[in-house]
Amino acid sequence: MNIGIVATTPFNDQKPGTSGLRKKVTVFQSPNYLENFVQAVFDTISAPPGSTLVLGGDGRYYNREAIQTILRMAAANGFAKVLVGQGGILSTPAASCVIRKYGTCGGLILSASHNPGGPDGDFGIKYNTGNGGPAPEKITDAIYARSRTLTGYRIVDAPDVALDRVGSSALGDMTVEVIDPVADYAELMESLFDFAALRELIAGGFRLCFDAMHAVTGPYAIEILERRLGAPAGTVINGVPLPDFGGGHPDPNLTYADQLVAIMYAEDAPDFGAASDGDGDRNMILGRHFFVNPSDSLAVIAANATLAPGYVHGIAGIARSMPTSAAADRVAEKLGVPCYETPTGWKFFGNLMDAGRVTLCGEESFGTGSSHVREKDGLWAVLFWLNILAKRRLPVEEIVHRHWAEFGRNVYSRHDYEALPIEIANGIMAQVRSRFAGLPGQRCGDYRVKFCDDFIYTDPIDGSVSTGQGLRVGFEDGSRIVFRLSGTGTEGATLRLYLEAFEADPARQKVDAQQALSGLIAIADELSQLKQRTGRERPTVIT
Ligand code: VG1
Ligand code: CO
């Protein structure tokens, strides 16, 4: 077997964002682009000889080609073994599960998550460390630095490896083991949730619908919901993963999961609906004619955690990203466990979970998970909800309403302005920042400003500091406005506006969030000149 070193000129645009390196497929297809980044990862982690790597992706366009390239490079870089999902498929949480279960030195996950796929869509790659979680900033910074100085990469000259059948084959001195992408993950889910109770719930006529959005969760959901839990065939819709996600936008929100939303708001709607994203780490939870805000979902799961066998002894603590509502904080307070506020992105939860400080983590962006893996986990959240529903036997809406009555409601919404010209987005952020000095103590509408800052996080475990994580305007009554630029988009800039108000009075909790937040929305526009600067009357997506 020939190990070659291919000379390259370094790239300058391979800085990983919120969740790995994401670019247009065409960028990844350009000569040496993928190879340069992969070599930068291998050089940075310098895995000891004999190491095993996990490899898989969400099945999007270019997944298979990238896997073949990475296998050839892994063989040339001295890995002893690569565990690759059959057909090149591994959902993000399943990859995390496999890395942990087999104690590998980490893995490469090929995904651009919720971004559209296909030849004109997006591709992405991310390195997860041996704990199963996304590499922390100090590693991604080192990978980026290396990607800018590389002048060559190592690769063997060999034919493609067969990926469609489970089993082992040799690639040079390396073993490629094609594994069932679902089995280890499904086994882990069975160990956490009361599958007997779920089977009984479903056999008793409880109706559900899961929208896999033609993305990676199709095979996982069919195996778990239909085969193991006995839900009727057809419970999983859009269950066949397609390289372009059927032309859709695999983002489980009220805008892009419109087919599921129509089903759940129809006259004969099922009891429960859920959707997941491109790589299977996000979840949207719906009841009959009812949407569960992701921040509330985290809080409800926390408050009901002991109903699931895997959490019967309680939770150690909760962590949530800064823009996520404080609904979970109220549950943590009541349970007497700590609640941590981290920057956006799952990589910031890893240290807290590894140190045993938290069990549950969540983000407002439809991300919920626990220390069972080191990624957010879409199907896990769905099973957690089903477990709660099986034990409490109440409609989804009623569970949330009772939760609000007990803890108060953190009325919450996120407004996304997608594909803005970068200068305009930067201008809005600068405009908000320019107002900071004069704001504290001032009245804005019905609110009085308590503080403004640009969120800085100091990791309580390793002391690392992350700056520039979002502009916050906090009010005396706990309400908040947050402005943040997305780190996952590939077209222009996406500005996210996060809005939160608190309502303690149960008589006033069942209101439309946009209406309840209208005062804050107006303040946000006044502070940022959003409408004027973007020329847009409304956001691209409202959650
Ligand atoms: C978004 C979400 C963030 C999430 C990230 C990755 O990042 O806001 O909460 O962790 O996507 O999710 P940003 O920088 O665009 O706001 V996934 O499912 O795309 O891996
Ligand atoms: Co995702």
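Residues numbered from 1 in each chain as written. Chains lettered and ligands numbered in written order. Predicted model: local features only at pLDDT ≥ 70, side-chain atom pairs only at ≥ 80, totals over all residues. Heavy atoms only, no water.

Regarding the sheet that holds strand E15 (residues 318-321)
Link 1 in the chain: Here we have four strands laid out as an open sheet, ordered E16-E15-E17-E18, and mixed in their pairing. Of all the strands in the sheet, just strand E16 (339-342) and strand E18 (367-370) have a single pairing partner and so form its edges. Put simply, the sheet's adjacent strands are angled 15° from each other on average, direction ignored.
Link 2 in the chain: Bridge count between E15 and E16: four bridges; the pairing is parallel. (Pairing = 2+ DSSP bridges. Helix = DSSP H or I, 4+ residues; strand = E, 2+ residues; numbered from the N terminus. Axes fitted to C-alpha atoms, helices over the stretch in contact; angles between N-to-C directions.)

Remarks on the coordination of the cobalt ion (ligand 2)
Link 1 in the chain: The coordination sphere of the cobalt ion (ligand 2), as far as protein atoms go, consists of Ser113 (OG), Asp277 (OD), Asp279 (OD) and Asp281 (OD), spread over 2.0 to 2.1 Å.
Link 2 in the chain: Relative accessible area serves as the criterion here: at 3%, Ser113 is assigned to the buried category. (Donors = N, O, S within 2.8 Å, 3.2 Å for Na, K, Ca; no water. Buried < 20%, exposed > 50% of the residue type's maximum accessible area, 1.4 Å probe, protein only.)

A few points about the nonpolar core
Link 1 in the chain: Ranked by internal contacts, the top residues of the largest apolar core, which has 73 residues, are Met189, Phe193, Phe272, Trp380, Leu383, Trp385 and Leu386.
Link 2 in the chain: Every residue in contact with Leu383, bar those within four places of it in the chain, is listed here: Met189, Phe193, Phe195, Leu198, Ile224, Leu225 and Leu229.
Link 3 in the chain: Core analysis: the next-biggest nonpolar cluster, separate from the first, contains 44 residues, Phe79, Tyr127, Tyr153 and Leu163 among them. (Core = buried A, V, L, I, M, F, W, Y, C linked by side-chain atoms within 4.5 Å. Contact = heavy atoms within 4.5 Å.)

What to know about the domain arrangement of the chain
Link 1 in the chain: With domains assigned, the chain is organised as domain 1 (3-180), domain 2 (185-407) and domain 3 (409-542).
Link 2 in the chain: Relative to domain 2, the C-alpha centre of domain 1 lies at a distance of 28 Å.
Link 3 in the chain: Listed by partner, the interface residues are 33 residues for domain 1 and 33 residues for domain 2.
Link 4 in the chain: Carbon and sulfur atoms supply 58% of the area buried between domain 1 and domain 2, which totals about 2400 Å² over both sides.
Link 5 in the chain: Close ionic contact of Glu375 with Lys126 constitutes a salt bridge, the shortest N to O distance being 2.8 Å.
Link 6 in the chain: Inspection of the domain 1/domain 2 interface yields 13 residue pairs in polar contact (both at pLDDT 80 or more).
Link 7 in the chain: Listing elements by their share of the side of domain 1 that touches domain 2, those giving two or more residues are helix H4 (92-101) and strand E6 (122-128). (Domains from an automatic or database assignment. Buried area = accessible area lost by both parts, 1.4 Å probe. Salt bridge = Lys/Arg side-chain N within 4 Å of Asp/Glu carboxyl O. Polar contact = N/O pair within 3.5 Å; in protein donor to acceptor, adjacent residues only side chain to side chain.)

Focus on the site of ligand 1
Link 1 in the chain: Taken together, 19 residues surround ligand 1, and among them Thr18, Ser113, Gly487, Thr488 and Arg496 come closest.
Link 2 in the chain: One of the side-chain nitrogen or oxygen atoms of Ser365 is found 2.6 Å away from an oxygen atom of ligand 1. (Near = heavy atom within 4 Å.)

Brief notes about unusual backbone geometry
Link 1 in the chain: The residue Arg393 is not glycine, and still its phi comes out positive at about 55°.
Link 2 in the chain: If you trace the backbone, Arg393 turns up in the loop between helix H13 (378-392) and helix H14 (396-407).
Link 3 in the chain: Residue class for Arg393 comes out partly exposed when judged on its relative accessible area of 48%.
Link 4 in the chain: Positive phi values are uncommon outside glycine, yet Gln529 reaches one of about 55°.
Link 5 in the chain: Within the fold, Gln529 resides in the loop between helix H17 (518-528) and helix H18 (530-534).

Points about the packing of aromatic side chains
Link 1 in the chain: Within the structure shown, the criterion is met by 17 aromatic pairs.
Link 2 in the chain: Where Tyr62 meets Phe123, the ring centres are 5.4 Å apart and the plane angle is 80°; that geometry is what we call edge-to-face. Taken as a pair, Tyr62 in the loop between strand E3 (52-57) and helix H3 (63-76) and Phe123 in strand E6 lie far apart in primary sequence, 61 residues in all.
Link 3 in the chain: Across from the ring centre of Phe407, 5.1 Å away, lies the NZ or CZ of Lys334, which sits over that ring.
Link 4 in the chain: When the ring centre of Trp404 is taken as reference, the NZ or CZ atom of Arg409 above it lies at 4.0 Å. (Phe/Tyr/Trp six-rings, centres within 6.5 Å; stacked < 30°, edge-to-face > 60°. Lys NZ or Arg CZ within 6 Å of the ring centre and 35° of its normal.)

Observations concerning H17
Link 1 in the chain: Within the span of H17, buried status applies to Leu520, Ile523, Ala524, Leu527 and Ser528. Along the long axis of H17, the arc covered by the buried residues comes to 115°, so they all point the same way.
Link 2 in the chain: Residue Gln529 follows H17 closely and has a positive phi angle near 55°. (Arc of directions from axis to C-beta.)

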